[in-house]
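Single-letter residue listing:
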Amino acid sequence: MLEVIFSDSAAGSMEFAMHHIETVIGSTLTQEEQQDAECHETQNWANAIPLQSRRSDLISLPLLLSIGAVDEPGIGAKREAALHMVYACYPRGADAPPAFAKTAQKNLSILLQRAGNGETIRVWSSNNPDEMCGTYWLMAQLCANGLEHLPVTQVSLPSFLERPDGIVVQYTNWGEVEPYLFGHMAQMGKPLPINQIRAMAQRWHQLQQENAPLRAVLNGQLVSAPETLYDSFIHREIDVQAVEFQQAVVVGSVLGKYQLGISDCWIALRMEQFIRDGLLEAVTQPELDSPVYRRILRKRSI
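**Q** I'd love a proper account of the pattern of salt bridges, names of residues and values included.
**A** Applying the stated criterion to the full structure yields 13 salt bridges. For Asp71, the salt bridge identified is with Lys78, shortest N-O distance 3.0 Å. On the basis of relative accessibility, which here comes to 35%, the residue Asp71 falls in the partly exposed class. Here Glu281 makes a salt bridge to Arg298, at a shortest N to O gap of 2.9 Å. Linking Glu281 in strand E11 (residues 280-282) with Arg298 in strand E12 (residues 296-299), this pair joins segments that are 17 residues apart in sequence. Glu281 gets classed as partly exposed once you look at its relative accessible area, which sits at 27%. Three or more residues are tied together by salt bridges with common partners; here these are Arg54, Asp57, Arg114 and Glu119.

Here it is in structure tokens:
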């Protein structure tokens with residue numbers, strides 16, 4: 001079964017889960033692992049359920065489709081431009097998008113080829129905008145290639161989950177899920193009926209025609225949105241800061257307090273617009289190996 005996921009962090013967690021299960025579950029523990037047998041984490045892995053998939057089955061498509069233009073088929077120059085816009089906030093991040101786009105194109109080709117040969121697909125989706133966009137986009141790719149009849153299972157991330165240790169946690173995307181839980185969560189997967197696959201694909205085509213700057217999840221529905229959608233949350237956190245403040249504090253507060261499913265880079269991009277609008281000004285510059293938002297900003301009186 002092909003395991004399709006839509007973020008780098010989630011792909012890393014799933015790959016770790018596959019590797020850990022392969023080397024620990026059902027095998028002889030090393031001396032170090034035996035010494036650590038009473039550790040809480042070790043107990044979690046001892047109770048883990050294997051995914052029954054290999055690392056070669058992992059298909060990562062971290063395309064950040066909630067941001068930027070989407071009015072092109074497949075993975076093209078406009079998607080690379082959107083990735084470039086986002087990753088430019090990281091040190092040397094501007095060099096990453098071409099490689100990310102190329103890898104995603106390769107992974108999509110592998111998926112379509114193997115799916116065309118009859119392999120089934122399990123899609124890891126959620127109400128996170130990028131992950132929901134990725135799911136709808138993927139359904140459009142399957143329909144465009146005549147693969148909508150293929151068995152597709154969707155694993156939807158629950159808003160709240162009680163872990164095996166009894167702790168109740170809240171997740172906003174698959175990248176936050178502990179690796180040892182993927183096997184348990186796979187059991188929550190449900191088959192996607194062909195009509196639902198087609199409906200998702202049709203909705204994606206509508207979003208392509210609208211081609212808004214953003215796509216967001218409102219009341220569980222994927223909708224087009226203006227680039228200003230999240231600005232009120234950012235302004236709210238700026239308002240409680242002193243005249244001079246750490247931009248990273250605002251970014252972290254928006255991410256942690258409101259659980260909007262957006263990235264740190266999108267918040268930084270909107271604050272760049274605030275600077276261009278004359279609302280803020282930069283007091284310091286970030287260090288060479290730091291994200292652009294690792295600096296001090298000052299509020300300006302208008």
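Continuing now.
**Q** Requested: an account of the state of the cysteines, with residues and values cited.
**A** Simply put, the disulfide is a covalent bond whose two ends are the sulfur atoms of two cysteines. Summed over the entire model, instances satisfying the criterion amount to one disulfide. Shown here is the disulfide that connects Cys89 with Cys265, its sulfur atoms set 2.0 Å apart. Taken together, the positions of Cys89 in the loop between helix H4 (77-87) and helix H5 (96-116) and Cys265 in helix H11 (residues 264-276) put the pair 176 residues apart, joining distant regions of the chain. Here Cys89 and Cys265 have matching classes, each one buried. Free of any disulfide, Cys133 has its nearest cysteine sulfur in Cys143, 16 Å distant. The exposure class of Cys143 is partly exposed, given its relative accessible area of 21%.

**Q** An account of the nonpolar core is requested, with residue identities and associated values reported.
**A** Among the nonpolar cores identified, the biggest contains 63 residues, and Val4, Ile121, Trp137, Met139, Trp204 and Met271 are the most heavily contacted of them. Here this core gets eight residues from one element, more than from any other, and that element is helix H6 (residues 129-144). Every residue in contact with Trp204, bar those within four places of it in the chain, is listed here: Leu65, Val70, Cys133, Tyr136, Trp137, Ala140 and Arg215.

**Q** Provide a residue-level description of H4, including the pertinent values.
**A** Those residues of H4 not exposed but buried are Arg79, Ala82, Leu83, Val86 and Tyr87. Buried residues of H4, seen end-on, are gathered within an arc of 120 degrees and therefore sit on one face of the element.

**Q** Break down the layout of surface pockets for me, with residues and values.
**A** In this structure, the largest pocket encloses a volume near 560 Å³. Lining the largest pocket are 29 residues; nearest its centre among them are Asn128, Asp130, Asn173, Ile262 and Ser263. Considering only residue class, the lining of the largest pocket consists of 13 nonpolar, eleven polar and five charged. For the second largest pocket, the calculated volume is near 390 Å³.

**Q** Now, about unusual backbone geometry: what can you tell me, with residues and values included?
**A** The phi torsion at Asn211 lies on the positive side, around 50 degrees, for a residue other than glycine. At Gln259, a position not held by glycine, the phi torsion is positive, near 50 degrees. Positionally, Gln259 belongs in the loop between helix H10 (247-258) and H11. For Gln259, a relative accessible area of 38% translates into the label partly exposed.

**Q** I'd like a rundown of the packing of aromatic side chains, residues and numbers included.
**A** Per the counting criterion, the structure on display carries six aromatic pairs. Centre to centre, the rings of Trp174 and Phe182 are 5.8 Å apart; their planes meet at 25 degrees, and the pair counts as stacked. Across this residue pair, the class does not change: Trp174 and Phe182 are buried. Here the aromatic cluster, defined as three or more aromatic residues joined through ring pairs, consists of Tyr87, Tyr90 and Phe100.

**Q** Give a description of the pairing of strand E3 (residues 121-125) that names residues and reports values.
**A** In terms of burial, E3 is largely enclosed, as five of its five residues are buried. Burial of E3 is two-sided: the residues Ile121, Val123 and Ser125 facing one way and the residues Arg122 and Trp124 facing the other way are all buried. The sheet contact formed by strand E1 (residues 2-5) and E3 spans three bridges and is parallel. Its bridge partner being in E3, Glu3 is matched across the sheet by Arg122. As paired strands, E3 and strand E4 (residues 152-156) are joined by five bridges and run parallel to one another. Paired with Ser125 across the strands is Ser156, a residue of E4. One crossover worth recording links E3 to the parallel E4 by way of H6, and it is right-handed.

Cut-offs used in this document
Residues numbered from 1 in each chain as written. Predicted model: local features only at pLDDT ≥ 70, side-chain atom pairs only at ≥ 80, totals over all residues. Heavy atoms only, no water. Salt bridge = Lys/Arg side-chain N within 4 Å of Asp/Glu carboxyl O. Buried < 20%, exposed > 50% of the residue type's maximum accessible area, 1.4 Å probe, protein only. Helix = DSSP H or I, 4+ residues; strand = E, 2+ residues; numbered from the N terminus. Disulfide = S-S within 2.5 Å. Core = buried A, V, L, I, M, F, W, Y, C linked by side-chain atoms within 4.5 Å. Contact = heavy atoms within 4.5 Å. Arc of directions from axis to C-beta. 1 Å grid on protein atoms, 1.4 Å probe; cavity = no way out; pocket = protein on both sides within 12 Å on 5 of 7 lines; lining within 4 Å. Points joined across faces, edges and corners; volume = space filled by probe spheres on them. Nonpolar A, V, L, I, M, F, W, Y, C, P; charged D, E, K, R; others polar. Phe/Tyr/Trp six-rings, centres within 6.5 Å; stacked < 30°, edge-to-face > 60°. Pairing = 2+ DSSP bridges. Right-handed = clockwise from strand over helix to strand, strands pointing away.

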